[in-house]
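Results of the structural survey
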There are 2 protein chains.
Amino acid sequence: TRLGEDWIFLVLLGITMALVSWTMDYASAKSLQGSGIPELKTILRGVVLKEYLTLKAFIAKVIGLTAALGSGMPVGKEGPFVHIASICAAVLSRFMSFFSGVYQNPYCYTDILTVGCAVGVGCCFGTPLGGVLFSIEVTSTYFAVRNYWRGYFAATFSAFIFRVLSVFNKDAVTITALFRTNFRMDFPFDLQELPAFAIIGIACGFLGAFFVYLNRQVVLFMRRPNAMTRFLIKHRLIFPAIVTLVIATLTFPPGFGQFMAGELMPRECISSLFDNFTWTKISGSPYPAGLGRSAAWLHTDVSVFIILLLFFIMKFWMSAVATTMPIPSGAFMPVFILGAAFGRLVGEVMATLFPHGIVFDGILYRIIPGGYAVIGAAALTGAVTHTVSTAVICFELTGQISHILPMMVAVILANMVAQGLQPSLYDSIIQVKK
Amino acid sequence: TRLGEDWIFLVLLGITMALVSWTMDYASAKSLQGSGIPELKTILRGVVLKEYLTLKAFIAKVIGLTAALGSGMPVGKEGPFVHIASICAAVLSRFMSFFSGVYQNPYCYTDILTVGCAVGVGCCFGTPLGGVLFSIEVTSTYFAVRNYWRGYFAATFSAFIFRVLSVFNKDAVTITALFRTNFRMDFPFDLQELPAFAIIGIACGFLGAFFVYLNRQVVLFMRRPNAMTRFLIKHRLIFPAIVTLVIATLTFPPGFGQFMAGELMPRECISSLFDNFTWTKISGSPYPAGLGRSAAWLHTDVSVFIILLLFFIMKFWMSAVATTMPIPSGAFMPVFILGAAFGRLVGEVMATLFPHGIVFDGILYRIIPGGYAVIGAAALTGAVTHTVSTAVICFELTGQISHILPMMVAVILANMVAQGLQPSLYDSIIQVKK
């Protein structure tokens with residue numbers, strides 16, 4: 001049948017891509033498998049990782065990342081981007097040392113790697129400010145302020161080129177944010193909504209810690225010597241293949257995927273979760289104009305709440321498992337999407353609890369679930385990575401800063417909870433790899 | 001006459017306030033006169049400044065700052081705010097050391113002062129993100145990343161209280177930005193406008209360096225031993241009194257002030273410079289609805305360009321001189337206003353050069369001079385203080401992030417030029433004080 005062929009095609013494509021990606025990663029060096037940020041962090045602390053900054057690793061990571069993203073797995077790209085950017089920086093500094101002795105200084109080497117990391121994050125999302133701050137928080141313990149402005153310099157130009165290319169490419173009209181939101185600005189939220197934002201923050205703290213825990217448990221389970229893991233280690237290709245098979249089958253849009261918006265690409269997922277509609281009010285009535293891809297979240301038979309909850313639960317374990325696969329991948333984007341879905345869920349619940357909005361000064365302001373989604377995304381990524389600059393990345397991605405205070409509160413609460421329970425995802429990976 | 005009485009009243013008020021402020025500053029300690037940021041910077045580098053963190057200094061600074069702001073001089077408040085916040089932090093840490101030995105650790109002391117500085121800047125403008133980043137750039141050489149998140153924590157809550165109080169006070173409807181702008185978001189600017197933004201950046205770099213130079217020359221001139229300075233040192237009160245007299249007279253609204261929007265308070269200045277109108281198109285025709293205080297920039301006989309240019313030139317030397325006065329004052333706000341006026345000037349020139357806007361894809365987009373003003377403000381403050389986080393402060397103050405890339409480019413160019421020519425204003429003050 002047609003459906004069956006589609007399924008086979010998707011699954012085969014996914015598995016092929018995952019295996020290409022795995023091969024690339026395997027070919028480069030065993031120590032380099034997985035994300036790039038934990039490794040850079042150890043290098044910046046003075047550990048020498050051979051083979052990390054080589055041309056071979058560069059080629060392997062570029063092809064591997066492309067294949068990994070093509071496989072449709074819920075993996076991010078910030079890790080390999082950081083790796084690729086720092087290889088570029090290291091190669092460039094080796095090249096420049098022919099001309100100036102400054103570049104042979106070991107301090108300079110660290111500086112250049114730090115800036116490379118900032119560029120990697122910055123051009124990954126087109127967010128220069130957030131990229132620099134995120135890379136500082138993730139890699140450093142003590143930060144040389146002189147690198148701060150260098151990082152901005154490099155990251156601004158990389159983000160600039162990134163966005164200008166999409167203008168020349170006619171993808172965008174001019175340089176704007178990647179996931180531009182259009183929330184009302186005169187009254188973005190009411191003070192009475194703040195407890196809900198705080199709850200999102202605290203809940204995201206627990207969820208983020210649980211994500212890190214789950215991720216580590218999967219890795220540790222794969223390490224435990226028993227018949228199954230011995231078999232998997234012997235036949236290395238089986239693990240990525242099985243994971244891809246299961247995830248691709250579950251998200252297959254005409255199948256179970258219809259209950260978890262499986263047809264949406266990660267990018268469409270984010271823009272639809274950040275949209276300006278209230279889905280609980282739409283379902284049942286005819287779709288309004290401009291709904292676009294958000295229609296994937298509305299099922300004729302199943303409530304929006306169930307869809308969002310299913311999406312969140314399924315994607316949660318899928319992301320936790322997928323990021324343990326030995327392919328070039330990051331965890332930022334999948335966690336970001338998870339957080340957005342969670343925030344949206346809370347927002348839709350709020351919109352149902354207060355169907356007529358909140359009255360202030362005689363004017364009725366309706367609740368915007370998209371704003372909750374933005375806050376949830378920032379809070380969950382903040383909790384998983386133990387950073388507060390995810391809030392800045394969010395502002396830059398959405399192009400709106402009106403929710404700054406509730407978002408800062410949510411991100412800080414999420415960090416407080418998560419830092420008390422678990423190490424950050426990157427520290428967890430470092431600990432496990434030791 | 002009525003006018004004369006008004007003038008006498010304004011000048012007397014100004015002089016009284018300036019003298020109260022001066023007395024307060026003089027009473028606290030001679031080493032503490034002027035801004036607070038350079039002193040904190042030296043303390044954080046390990047120099048012991050006696051009397052800096054005392055209750056006496058606290059009271060003197062609070063009263064002195066209030067009087068200084070009331071005098072109508074073009075001075076800012078970020079320096080004394082930083083000083084006040086770090087005194088609070090130091091007192092709090094001394095109090096907490098009764099309960100826990102952690103607080104007696106010298107590292108902890110530095111940490112608390114750093115966070116205090118972040119809070120000072122953050123609640124001065126209601127900008128937690130920018131406050132933390134600005135305080136890092138201004139005070140530190142190496143920054144402990146652990147303080148980063150503590151700084152956010154403290155600054156977010158201080159900004160939150162600051163904004164919530166204005167909601168309770170019915171000044172604002174809900175928590176929004178201080179100088180909220182309403183630029184169009186679908187197409188904030190065209191790529192063809194980028195050269196103009198770059199020119200603003202480079203020009204602001206030169207202007208910023210010149211501001212620092214001028215400020216230092218005034219201080220050095222007052223130090224040079226000759227008959228006049230000996231007289232001024234003997235009669236200490238004369239210098240602030242004369243400066244206040246001259247500045248208050250020149251800005252007197254019905255007099256010369258009418259040619260430089262003298263009737264506007266600093267806050268009104270900024271919101272009117274950031275407005276959404278194109279003044280060159282308004283002048284002559286009847287005023288549109290919603291123009292508000294911006295009408296002060298439109299004179300029946302004189303062109304908008306002349307008014308803006310006069311405002312810029314007059315305020316430039318006034319700010320440079322006023323910030324040398326031995327009263328509790330900062331230079332951030334005056335420089336910010338100067339930059340906004342300069343950017344607005346360039347924007348109005350652009351709007352005159354391209355009266356029908358810029359065509360892209362068959363649609364005509366008009367030029368928004370307010371956007372140029374925001375970029376100019378960030379670039380000039382960045383050049384004077386040698387920081388790039390003024391861009392973040394601008395986003396938070398305006399609540400709009402749509403101009404992020406041109407602003408980053410302008411701020412970076414301004415920094416490149418200014419750092420090559422002069423030390424930052426704070427470093428310049430430290431060098432002169434030695």
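Residues numbered from 1 in each chain as written. Chains lettered and ligands numbered in written order. Predicted model: local features only at pLDDT ≥ 70, side-chain atom pairs only at ≥ 80, totals over all residues. Heavy atoms only, no water.

Re the overall build of chain A
Helix and strand counts for chain A come out as 18 helices and 3 strands. A compact globule built from 434 residues should have a C-alpha radius of gyration of about 22 Å, and chain A, at 22 Å, falls within 12% of that. Considering chain A as a whole, with its 434 residues, one finds that 59% of them fall into the buried category. The centroid of the 29 positive side-chain charges in chain A is displaced by 12 Å from the centroid of its 20 negative side-chain charges. (Helix = DSSP H or I, 4+ residues; strand = E, 2+ residues; numbered from the N terminus. Rg over C-alpha atoms; globule rule 2.2 N^0.38 Å. Buried < 20%, exposed > 50% of the residue type's maximum accessible area, 1.4 Å probe, protein only. Lys, Arg positive; Asp, Glu negative; His and termini not counted. Charge placed at Lys NZ, Arg CZ, Asp CG, Glu CD.)

Details of the packing of helix H8 (residues 194-223) of chain A against helix H14 (residues 332-353) of chain A
All names here are of chain A. Direction vectors running N to C along H8 and H14 enclose 145°, while the axes themselves pass 11 Å from each other. Relative to H14, H8 is oriented so that their crossing is right-handed. Across from Ala196, Ile200, Ala203, Cys204, Leu207 and Phe211 in H8, the residues of H14 making contact are Val335, Leu338, Phe342, Gly343, Val346 and Met350. (Axes fitted to C-alpha atoms, helices over the stretch in contact; angles between N-to-C directions. Left-handed = near helix turned anticlockwise from the far one by under 90°. Contact = heavy atoms within 4.5 Å.)

Section: the environment of B:Leu194
Residue and element names in this part refer to chain B. Here Leu194 is to be found in helix H8 (residues 194-223). Look at Leu194 and you get buried, because its relative accessible area is 13%. Between the C-alpha atom of Leu194 and that of Gly343, which follows or precedes it by 149 residues, the distance is 13 Å.

A short note on the environment of A:Val388
Relative to the assigned elements, A:Val388 resides in the loop between helix H15 (369-385) and helix H16 (390-398). For A:Val388, the residues in contact, after removing those within four places along its chain, are A:Glu137, A:Val411, A:Ile412, A:Asn415, B:Tyr148, B:Trp149 and B:Tyr152.

Describing the packing of helix H2 (residues 37-44) of chain B against helix H6 (residues 128-139) of chain B
Residues and elements named next belong to chain B. For the pair H2 and H6, the least separation of the axes is 9 Å and the interaxial angle reads 65°. With respect to their mutual orientation, H2 and H6 come out roughly perpendicular. Residue-level inspection shows Ile37, Leu40, Lys41 and Leu44 of H2 in contact with H6, the latter providing Phe134, Val138 and Thr139. Looking at the contact of H2 with H6, its residues break down into 5 nonpolar, 1 polar and 1 charged. (Parallel < 35°, antiparallel > 145°, perpendicular 65-115°, else oblique. Nonpolar A, V, L, I, M, F, W, Y, C, P; charged D, E, K, R; others polar.)

Concerning unusual backbone geometry
Keep in mind that most residues, glycine aside, have a negative phi and that most peptide bonds are trans. The residue A:His386 is not glycine, and still its phi comes out positive at about 55°. For A:His386, a relative accessible area of 17% corresponds to the buried category.

Points about helix H13 (residues 304-322) of chain B
All names here are of chain B. Between its first and last C-alpha atoms H13 spans 26 Å; for 19 residues at 1.5 Å apiece the expected length is 27 Å, and the two agree. Within H13 the residues assigned to the buried category are Val304, Ile307, Leu308, Phe311, Phe312, Met314, Phe316, Met318, Ser319, Ala320, Val321 and Ala322. Buried-residue contacts for H13 involve H8, helix H10 (238-251), helix H11 (266-273), helix H12 (279-282) and helix H14 (332-353). Capping of H13 at its N-terminal end is provided by Ser303; its side-chain oxygen lies 3.0 Å from the backbone amide nitrogen of Phe305. (Expected span 1.5 Å × (residues − 1). Polar contact = N/O pair within 3.5 Å; in protein donor to acceptor, adjacent residues only side chain to side chain.)

Here's the deal with the side chain of B:Thr323
Its location among the elements puts B:Thr323 in the loop between H13 and H14. Sequence-distant contacts of B:Thr323, that is, excluding residues within four places in its chain, are made with B:Phe211, B:Asn215, B:Ser329, B:Gly330 and B:Ala331.

Some words on the pattern of salt bridges
Scanning all chains against the criterion turns up 6 salt bridges over all chains. Taking the shortest distance from any N to any O, the salt bridge between A:Asp427 and A:Lys41 comes out at 3.0 Å. Residue A:Asp427 is located in helix H18 (residues 425-433), and its partner A:Lys41 is located in helix H2 (residues 37-44); the two are separated by 386 residues in the primary sequence. Taking relative accessible area as the criterion, A:Asp427 reaches 22% and is therefore assigned partly exposed. Residue classification places A:Lys41 among the buried residues on the basis of a relative accessible area of 6%. Here B:Asp275 ties to B:Arg344 by a salt bridge, and the two come within 2.9 Å at their closest N and O atoms. Within this pair, whereas B:Asp275 is found in the loop between H11 and H12, its partner B:Arg344 is found in helix H14, the two being separated by 69 residues in sequence. Among the residues examined, B:Arg344 registers a relative accessible area of 0% and is labelled buried. Among the charged side chains, a network of salt bridges with common partners joins A:Asp275, A:Arg344 and A:Glu348. (Salt bridge = Lys/Arg side-chain N within 4 Å of Asp/Glu carboxyl O.)

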